[in-house]
Each structure stands twice: as C-alpha cells, then as structure tokens.
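Read off the chains here:
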Amino acid sequence: MVAGSLVAALQAGERTVHTAEQLSTADINGLIGLLRDQPNSVLMLVGHIDQPRVSDKNRADSLQLADALKQLLLARGVAGAQVETFGVGSVAPAYDIKTPLRRVEWLLRSR
C-alpha cells in the first residue's frame, strides 16, 4: 500500500479495506491529521471475519478487530466521538480472493 493512500481514499469518499498489518505510520499519522482538521468527521471502522463458524463468534471477533484499531487512534489523541466501531462477522463476505478474511473497512462521514 502506498503511504497516504488510506487518507486519499477516505477524502475521495471511497470505502477502503485494510488489515492492521497493512497500515503504515504515514497512514496512521495522516488519518489522525485528517480527523483533527475535520472535527465534524466520523471514522467508521467495520470489522469483518469471513470464516465458517458460529455467527455470534464472528461478530464478536470482528468487533474486536475494529475496536483494536479504534484504541490505537484514541491512544494517539483522536477524540472518541470521531470513531465508531461495528462488527458484522461474516454477513458481508469478501468478493475478491485477494481481500483478507480478517479485515476492517474504513469509511469517513460527516456528523
């Protein structure tokens, strides 16, 4: 992933899909700057786990993925009101074989 591509995609209104391992320091810093510059923006983190098992377990684990990324942002000074987390488990499976089975989708919206 090209550094800054996460922020550029969010600014363009695109849905982005990443795992925590794919995030660079530049992406995280850019995202923090974007949220600080746009205090009326809310980052929605939607966790997904596409594994054939009990759906309640998938939902709980996918929320845990999103929450872990939220905690990273909060620890770096992002306001809690600017980050929402959701876990959808395997409700929306990946359509592309290259998409990770454990992933977080990032969407930016206005309050």
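Look up: the structure comes first, before these words.
Criteria and cut-off values
Residues numbered from 1 in each chain as written. Predicted model: local features only at pLDDT ≥ 70, side-chain atom pairs only at ≥ 80, totals over all residues. Heavy atoms only, no water. Salt bridge = Lys/Arg side-chain N within 4 Å of Asp/Glu carboxyl O. Helix = DSSP H or I, 4+ residues; strand = E, 2+ residues; numbered from the N terminus. Buried < 20%, exposed > 50% of the residue type's maximum accessible area, 1.4 Å probe, protein only.

Engineer: Let's hear about the pattern of salt bridges: which residues, and what values?
Structural biologist: Across all of its chains, the model carries 3 salt bridges by this definition. Measuring nitrogen to oxygen at the nearest pair gives 3.2 Å for the salt bridge that ties D61 to K57. A residue pair is termed a helical-turn pair when its members lie 3 or 4 positions apart in one helix, as D61 and K57 do in helix α3 (residues 55–75) at 4 residues. Of the residues examined, K57 reaches a relative accessible area of 42% and is grouped as partly exposed. With its nearest N and O atoms 2.6 Å apart, the salt bridge here joins R109 to E84. With R109 in strand β4 (residues 102–110) and E84 in strand β3 (residues 83–87), this residue pair connects regions lying 25 residues apart in the sequence.

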